[in-house]
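If you want the building blocks of each chain, they are given just below.
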Amino acid sequence: MDVQSMSESVYVGMCHKIGTPQQVTARRDIVDIMDLLDNQNNLVKSMRTGSDREGFRLRGSDMDTMYWHTDHRVIWDFSQSEFYNTHRQILILCDSSESPPGFTLLWLPFKHANIWILSACVRMHDRLYISSSKHRDFYCTSISPNSTVHGPCATDTLGTVQYGTIDHDSAFCFASDFWPPSASSWIDRCHSWPPPHVVNSIVRNGCHFVAIGYKLGNHEDNEWRISFSQAENKLVYSMNYTQFLTYGLLKLFLKEIINNEIRDEETHLCSYHMKTAIFWAIQQNTLPQWCPQNLLNCFWVCFKILLKWVYEGICPNFFIPENNMFQSKIHGQAQTSLFRRLYGLYEKYTSISLLLHSSSIRSSIIYVFCNPRLTVCTDEHTLISEAEFDVELFGEIHCNDTQHQTDLQQCMKSLHTVEQLIGSPLSQYQVVSLQKYTASILQSTAFTLHNIYTNTSVNRQVYVTKKLSCHMLNLAAKFGCVSDMLYVAMYYYKTCRYREALSVIEMTKVKLSRPYVMYNERVDKERYTEAVGGQSLSTKMRQAVAMDIKLHNEICYISELLPEQQSSRQNRIPYLHIPPFVLLLMLEFLSSRHVDTMRAQTSLYELQVLILHDQGLYISNLYRDISWEILGICQQITGNLQASLFSYQQCLRQVSLHELQTSTRQRIYELHMPT
């Protein structure tokens, strides 16, 4: 059997499973632009990390985010304090004298910090140190009360239309602008990979400290682990695509083969060990060529590196090799047992026969077995259609859209950041992302501005505010997606301009009913390609893409949904996600009641039919709770209390993404109150 053809077939299979180079590039670009927009706050910064940031979208993978205060900076020695204004920034000094490589104590030499950090301090050797366990527990209970502790992180659950419910790991950490002295040897090792500009960028951006100590040491509860997550992102970005797919293959190998073969006991191997193996394999030039025809050899080399590490009981951290990442996990009987099992796989199988045990890869190998004379094409343009690519792209843009600010000053900062970004070099994916996020900023600004000045006694000010809000919403509708027109309709309804609201609703209904419009994963590929194929992403979004409506729970859009927003907000849910077709019919019903009662009855009937009979085309299962709630509200307004009660009860039976139970039960209680 031709190993080269087999490698190419696995490469194609991995592109279908992991994504094509273009898909992975788009995912990274979108997250990168979001990081720039999210980090306008001068006090707290955040950074997406892990497999999600690297470009993977594997089912079961979690999302990782790191947060840190910018006015607290970690230094390695006192000489570095000269780079800071100590009146404005609180300095923390590393004390690694009693810690193993890769870990450190964080000392507050001036005994000055914010009240939360001081409450997490302990005294040792007459010094004040920040306890990692106290710090972690405080943030888990205070910032994320519904979360559980997972390593250095607080883990909670997020709901997404694309990937279902996923775990979200939040690490509240500290940052240093300086590269760790214990990792200085890494700089000297970088002869062939990564390239010099990547090395310089990594070193220039320093490192972080996450709240977990060395398990076998004397200071486990107080130590902090040095985190190179930011550097790792840059390293993964600098891989060629075969290297990236080899990394993906290792992740699947761990999940689908190792963890299945050794399911009767803990393997103690994790995805981070796979990442470390691929880093070392690339840097040590273990292979002359990382290309599609060589993918299986690339995988096999990395497998042998893992096998050697397990045999020796040493997994050297890529940045600080003296930090043996197996030391507290894989040793003694666990090490012997794991090596025996892995060596058994090595002896029994070749790379091809071993990967036949992977449910994700098996079909690609069997395909070549069944078609030995077929030439495999690895050109990415043959692997995914334009419409399929766009479905994922706009889904990514929507999932990452958190630009619904609730503070007017923050809105202005966001718009200023957009203005700066427009003048910088951006990829086509970042341009269309920025376009959508700017529409979201304008929408939030318009409603926030209106809510602030509605109750003012100055008529001239109210007039100017209404005109400005209306202008911003219309502007957002012009370069946002098709469904963004519903924000205009909401505003007209909110300001009692019912006929204008109905006019916008009618226009939106026409646009949404076009046969080529894409909504979530629902699209007629042929009609979509015929209508907007080959056009710019910006044009596609404006003319042929609908997205769910996000209502930030800190902003009042329409009074009818205030109880739901309050209930959701009390449970720390930031948004209501409403399918555009549901919101359109709700707004049509509410507006028509004031000008056309027959039309109001018709729209309510259409809303009821949609919610009762939709099979997931227009209403995701995750959003059925708010959809039933909206139907119940409309029915209650008409006085149909029996139907309303049924709808509210249905809401309580759905997957509770929005945590509406408080508002739903209150509405049920009100139905039973005597009139």
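Please refer to the structure placed before this passage.
Anyway, here's the lowdown on the structure attached to this text. Remember, it's a predicted structure, so these values are computed and weren't measured experimentally. (Residues numbered from 1 in each chain as written. Predicted model: local features only at pLDDT ≥ 70, side-chain atom pairs only at ≥ 80, totals over all residues. Heavy atoms only, no water.)

1. Looking at unusual backbone geometry
With an omega dihedral of -5 degrees, the bond running from tryptophan 193 to proline 194 counts as a cis peptide bond. Residue position: proline 194 is located in the loop between α6 (184-189) and α7 (196-204). If you check the backbone angles, cysteine 496 has positive phi at about 65 degrees while not being a glycine. With respect to the element layout, cysteine 496 can be found in the loop between α19 (485-494) and α20 (498-512). Of note in the backbone geometry, glutamate 659 takes a positive phi value of approximately 50 degrees without being a glycine. Tracing the sequence through the fold places glutamate 659 in the loop between α27 (641-653) and α28 (661-671). By relative accessible area, glutamate 659 is classed as partly exposed at 26%. (Helix = DSSP H or I, 4+ residues; strand = E, 2+ residues; numbered from the N terminus. Buried < 20%, exposed > 50% of the residue type's maximum accessible area, 1.4 Å probe, protein only.)

2. Description of helix α16 (residues 408-422)
Counted at 1.5 Å a residue, the expected span for α16 with its 15 residues is 21 Å, and the 21 Å between its end C-alpha atoms agrees. Within the sequence span of α16, burial applies to Gln410, Cys411, Ser414, Thr417, Val418 and Leu421. One side of α16 carries all its buried residues, which in axial view fall inside an arc of 120 degrees. The exposed residues of α16 that point more than 90 degrees off its buried face are Gln409, Glu419 and Gln420. N-cap assignment for α16: the residue whose side-chain oxygen lies 3.1 Å from the backbone N of glutamine 409 is aspartate 407. (Expected span 1.5 Å × (residues − 1). Arc of directions from axis to C-beta. Polar contact = N/O pair within 3.5 Å; in protein donor to acceptor, adjacent residues only side chain to side chain.)

3. Here we look at helix α11 (residues 295-312)
Compared with an ideal rise of 1.5 Å per residue, which puts 18 residues at 26 Å, α11 spans 26 Å between its outermost C-alpha atoms and is within 8% of the ideal. The buried fraction of α11 is high, at 13 of 18 residues. Following α11 by one or two positions, glycine 313 adopts a phi angle in the positive range, close to 75 degrees.

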